[in-house]
2 protein chains.
Amino acid sequence: MSQKPTLPKGTRDFGPQQMAKRNFVFSAIKEVFEKYGFMPLETPAMENLSVLTGKYGDEGDQLLFKILNSGDFLSNADVNDFNEGSRALLPKIAEKGLKYDLTVPFARYVVMNRHELTLPFKRYQIQPVWRADRPQKGRYREFFQCDADVVGTDSLICEAEIVLMINEVFSKLGIDDFNIKINHRQILTGITEAIGAGGKESDFCVSIDKLDKIGLEKVLEEMKERGISPEATEKAVPILQLQGSIEEKIAALKDILKNSDAGQKGISDIEEALTTLKSFDLSNHRIDFDVTLARGLSYYTGAIFEVKVKNVSIGSVSGGGRYDDLTGVFGMSGLSGVGFSFGVDRIYDVMEELNLFPKEALTSTEVLIIHFDEASMKYGLSVLGKLRRAGIKSEIYPDQAKIKKQFNYADKKNIQHTIVIGSEEVSSGKLTLRNMVSGQEEKLTIEEIIHKLQSTK
Amino acid sequence: MSQKPTLPKGTRDFGPQQMAKRNFVFSAIKEVFEKYGFMPLETPAMENLSVLTGKYGDEGDQLLFKILNSGDFLSNADVNDFNEGSRALLPKIAEKGLKYDLTVPFARYVVMNRHELTLPFKRYQIQPVWRADRPQKGRYREFFQCDADVVGTDSLICEAEIVLMINEVFSKLGIDDFNIKINHRQILTGITEAIGAGGKESDFCVSIDKLDKIGLEKVLEEMKERGISPEATEKAVPILQLQGSIEEKIAALKDILKNSDAGQKGISDIEEALTTLKSFDLSNHRIDFDVTLARGLSYYTGAIFEVKVKNVSIGSVSGGGRYDDLTGVFGMSGLSGVGFSFGVDRIYDVMEELNLFPKEALTSTEVLIIHFDEASMKYGLSVLGKLRRAGIKSEIYPDQAKIKKQFNYADKKNIQHTIVIGSEEVSSGKLTLRNMVSGQEEKLTIEEIIHKLQSTK
């Protein structure tokens, strides 16, 4: 019996047109990563659950896709495990899961290869990850992450290079109107100390992380609910509303955080990264030093980044930050680094919304050979051979079919040129090259056609 | 507590050096696929088990990796299911699995998108697949497949183009000494008819598929065990030992198969594909028409292909063939096509064995900037900015460290050039460019360095 096939919820196929667009984004990012000395790494889709579990909090553990042991998966389970429910049975029947992000597998890789790796180690990784989240618009169960990390150095050159890479990637993609928000976890620590809420950094961060979504009033309410005193909450207001140029904000914070070592360290890091950027001759006009930027992940300990594209419905499209302990959880402590992740699905959506994909990126085959009969099809094969030997992406319509059908194939496949061959063309050697966009036609020899197509590339 | 992290059995990490080599192989294949008008498709790792199950035989179903339903996966199961064992419990707790090959997901994609697709549809797909096989040397549980298929045409031009693509890919990779074995399923059908074993085609194929591994004697034994009569087995011997040029073999078969319609059709297909190849001006010297080629997969119905590299321990590295019903199992019948799959893991191993990876493919960063002190590091940043603006992959050692350590980093990362900057270089603007391979050093301005590096590309 045949059934109508379906896709699992929250997953997608990427057909040729979407692949062309996605590859345009991936290529831009890869090219920049490699220009900055990052090298590719790929890890398996499957990881042992012992590697994944406990790294993403309780909620994260729930969202891991678990893989049933192969063979008789019940061989280690007894009926008591079953009666105790899913949680008790799980470890008896599944020891592997699909990776949830690229950071934990990267940490595992670093630990397993620590004797061979030369530090600092700069890697990038572009691979799918899986989360059993409730699917919704823009949120998928299988999606790509696109990460670059440097580990094994505290140098603030790395932070500056992240800003440079962001600028280069977005400019390659044609996205002009964006901001790079930066902040520093120790500035946030300093602020909690300065307002008299020392030790409450995590509650403070979780609250202000929602500023864009719920507004200042509700953020202040949440702070109080999370045990930050009304006085401290009151004191936070002017800091969260800090305005002015980067220099003005830094000057103000230097005063506000004058009694906090953490705060001073945070400010000096930001200043050094900005100075380094100037050494690269990059102006700071896209940088928005924003003390309300908190970033969700708890493992950040230094500078944090977020990119927002303006005038689109989608907010943050990329983010990252510095951490001081990537691999401690696997028994190798003190390895610090800084990483950044491009949100490719969101960048794709932004580019669709702003209509930024260049037409050239979407053309596939350059030439389709169209033929009137068997003899011209045969002649077309030798023409095709010449085009391909010249490196021109080309194909012949493989069946004898109505001319209209063959043209339609070229249209649907977004092929830019056709060469139409009939008995006249076979005897004269002069072929009709048609530009499918302009409709213009020319009679040329195959050598002239090759020359023309190569010179317009 | 921290634990030593491990990789699941049969899976691999691909570090920077391996990635560079793999990407060299993938790029060559992609480039050829696209030159021939194939367009990329990607499908999810996860498929519904309703799509996967029953497509690969009983053994295949056993080798599928199944994914536990998320949340309380036992909510649809009762203790009777548990007591009945894994098979009974499975459908209650898992509805998704990891894809086992690229063909079934491709068929699903075609069926789900049949109203939008323009036929013939030429797609390529390079993605990992998963099989719960017992891992052993050269056999992994997660590995890449690299497929190209044309569906919606019976044209034998497609068969010819497969031969052309194989030639181009292997020549790009530098693999010279290989054979493209071809045969035709209907020739095999014809042979079974001719020897008096009509209807036993599948047993015949399974047996002769092992000719390379177990030799003729054992193949004949197996035929008999599978119910092919001793007389038929006897008659098969001279056919399986057929020698001579392609033309001689075809002539002999025309006689042997003169009473078999299937056999005649098979021979005429092979002849037409070979004639088409000549129209492309390709000589046939790599083609080995081999009547003992059977290919395991039962869904092939026309021409079949296999590539063998000579003088290496690995046998077949790629294969494919024509089928007449890709999508019938999903309720869309009559869609024929032809496909080919490059075995990238084996090609990789062959290239390692023959030492064929070009050095250029393995270089990463082109230039590392090495510095003596803080001032020269700062100066190095502006040099780095200039190199990158010129499109040169480059990096600076991000920490102040001993010169030896910085050189060591360049060595380990296979970086071809270093620029060493000290106080003298900062004041004169003349920088020392060192070729890390030859050891040669030159004093040049940054503009001269850029010019030199760009002109040697």
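Residues numbered from 1 in each chain as written. Chains lettered and ligands numbered in written order. Predicted model: local features only at pLDDT ≥ 70, side-chain atom pairs only at ≥ 80, totals over all residues. Heavy atoms only, no water.

- Going by what an unreviewed UniProt entry lists, chain A is known as Histidine--tRNA ligase and is assigned to Fulvivirga imtechensis AK7.
- UniProt, in its Subunit (unreviewed entry) section for chain A, records the words "Homodimer."
- Taken verbatim from the UniProt record of chain A, the Subcellular location (unreviewed entry) comment is "Cytoplasm". (UniProt positions renumbered as here; feature names shortened; annotations may be inferred.)

## As for the packing of aromatic side chains
Link 1 in the chain: Tallying each qualifying case throughout the model produces 33 aromatic pairs over all chains.
Link 2 in the chain: Taken together, a centroid distance of 6.4 Å and an interplanar angle of 80° make the contact between B:Phe305 and B:Phe340 edge-to-face. Remark: B:Phe340 occurs in strand β11 (residues 337-342) and B:Phe305 occurs in strand β9 (residues 300-309); sequence separation between them is 35 residues.
Link 3 in the chain: B:Phe340 sits in the buried class, given a relative accessible area of 3%.
Link 4 in the chain: Put simply, the rings of A:Phe33, A:Phe38, A:Tyr124, A:Phe170, A:Phe178, A:Phe305, A:Phe340 and A:Phe342 touch in pairs and so form one group of aromatic residues.
Link 5 in the chain: Between B:Arg12 and the ring centre of B:Tyr140, over which it is positioned, the NZ or CZ distance is 3.4 Å.
Link 6 in the chain: Here the basic side chain of B:Arg22 rests over the ring of B:Phe14, its NZ or CZ set 3.7 Å away from the ring centre. (Phe/Tyr/Trp six-rings, centres within 6.5 Å; stacked < 30°, edge-to-face > 60°. Helix = DSSP H or I, 4+ residues; strand = E, 2+ residues; numbered from the N terminus. Buried < 20%, exposed > 50% of the residue type's maximum accessible area, 1.4 Å probe, protein only. Lys NZ or Arg CZ within 6 Å of the ring centre and 35° of its normal.)

## Quick notes on the pairing of strand β15 (residues 431-435) of chain A
Link 1 in the chain: Pairing between strand β14 (residues 417-421) of chain A and β15(A): 4 bridges, direction antiparallel. Following the sheet pairing, A:Thr418 is matched in β15(A) by A:Arg434. (Pairing = 2+ DSSP bridges.)

## Observations concerning the UniProt feature "binding site: L-histidine" (unreviewed entry) in chain A
Residues and elements named next belong to chain A.
Link 1 in the chain: In the numbering used here, UniProt assigns the "binding site: L-histidine" (unreviewed entry) feature to Asp101, Leu102, Thr103, Arg131, Gln145, Asp149, Arg295, Tyr299 and Tyr300.
Link 2 in the chain: Checked against the element boundaries, Gln145 lands in strand β6 (residues 142-151).
Link 3 in the chain: With sequence-adjacent residues up to four places away left out, Gln145 is seen in contact with Asp101, Leu102, Gln125, Ile126, Gln127, Val129 and Arg131.
Link 4 in the chain: One polar contact links the side chain of Gln145 to the main-chain amide nitrogen of Leu102, over a distance of 3.2 Å.
Link 5 in the chain: Looking at the element boundaries, Arg295 is found in the loop between β8 (287-289) and β9 (300-309). (Contact = heavy atoms within 4.5 Å. Polar contact = N/O pair within 3.5 Å; in protein donor to acceptor, adjacent residues only side chain to side chain.)

## Things to note about the relation of the copies chain B and chain A
A rotation about an axis combined with a shift along that same axis relates the two copies of the chain.
Link 1 in the chain: The two copies are related by a screw motion: chain B maps onto chain A through a turn of 180° and a shift of 0.0 Å along the axis, at an RMSD of 0.1 Å. Such a combination of rotation and displacement between the chain copies is what one expects of a two-fold axis. Of every C-alpha in chain B, the one belonging to B:Ile67 sits nearest the axis of rotation, 2.2 Å from it.
Link 2 in the chain: Of the interface residues in chain B, 100% have counterparts in chain A that sit at the interface too, so the contact is made through matching surfaces. (Least-squares fit on C-alpha atoms with pLDDT ≥ 70 in both.)

## As for the domain arrangement of chain A
Link 1 in the chain: What the domain assignment lists for chain A is domain 1 (16-44 + 100-353), domain 2 (46-98) and domain 3 (364-455).
Link 2 in the chain: Summarising the inter-unit geometry, the C-alpha centres of domain 1 of chain A and domain 3 of chain A are found 51 Å apart. (Domains from an automatic or database assignment.)

## Overview of the pattern of salt bridges
Link 1 in the chain: Summed over the entire model, instances satisfying the criterion amount to 69 salt bridges over all chains.
Link 2 in the chain: For A:Lys172, the salt bridge is made with A:Glu31, and the minimal N-O distance between the two is 2.7 Å. Note that A:Lys172 is positioned in helix α7 (residues 157-173) and A:Glu31 in helix α1 (residues 16-35), a separation of 141 residues in sequence.
Link 3 in the chain: Looking at A:Glu31, the relative accessible area reads 45%, which means it is partly exposed.
Link 4 in the chain: Note that B:Lys35 is salt-bridged to B:Glu168, the shortest N-O span being 2.7 Å. In this pair, B:Lys35 is assigned in helix α1 (residues 16-35) and B:Glu168 in helix α7 (residues 157-173), connecting sequence segments 133 residues apart. Side by side, B:Lys35 and B:Glu168 carry an identical accessibility label, which is buried.
Link 5 in the chain: Because the salt bridges share partners, they merge into one network encompassing A:Lys122, A:Glu161, B:Arg388, B:Glu395 and B:Lys413. (Salt bridge = Lys/Arg side-chain N within 4 Å of Asp/Glu carboxyl O.)

## Focus on helix α13 (residues 261-279) of chain B
Link 1 in the chain: When the terminal C-alpha atoms of α13(B) are compared, their 27 Å separation across 19 residues agrees well with the 27 Å that a helix rising 1.5 Å per residue should span.
Link 2 in the chain: By the burial criterion, the buried members of α13(B) are B:Ala262, B:Gly263, B:Gly266, B:Ile267, B:Asp269, B:Ile270, B:Ala273, B:Leu274, B:Thr276, B:Leu277 and B:Ser279. (Expected span 1.5 Å × (residues − 1).)

## Focus on the interface of chain B and chain A
Link 1 in the chain: Every contact between the two is made by 104 residues of chain B and, on the other side, 105 residues of chain A.
Link 2 in the chain: Taken over both partners, the interface formed by chain B and chain A buries close to 8,900 Å², and the fraction arising from carbon and sulfur atoms is 63%.
Link 3 in the chain: At the boundary of chain B with chain A, the tally comes to 8 salt bridges.
Link 4 in the chain: A salt bridge links A:Asp13 to B:Arg108; the nearest nitrogen and oxygen atoms lie 2.8 Å apart.
Link 5 in the chain: Across the chain B-chain A interface, the total number found is 34 residue pairs in polar contact (both at pLDDT 80 or more).
Link 6 in the chain: Among the elements that make up the side of chain B that touches chain A, the one with the highest residue count is helix α16 (residues 374-389) of chain B (8 residues).
Link 7 in the chain: Residue classes in the side of chain B that touches chain A are distributed as 49 nonpolar, 28 polar and 27 charged. (Buried area = accessible area lost by both parts, 1.4 Å probe. Nonpolar A, V, L, I, M, F, W, Y, C, P; charged D, E, K, R; others polar.)

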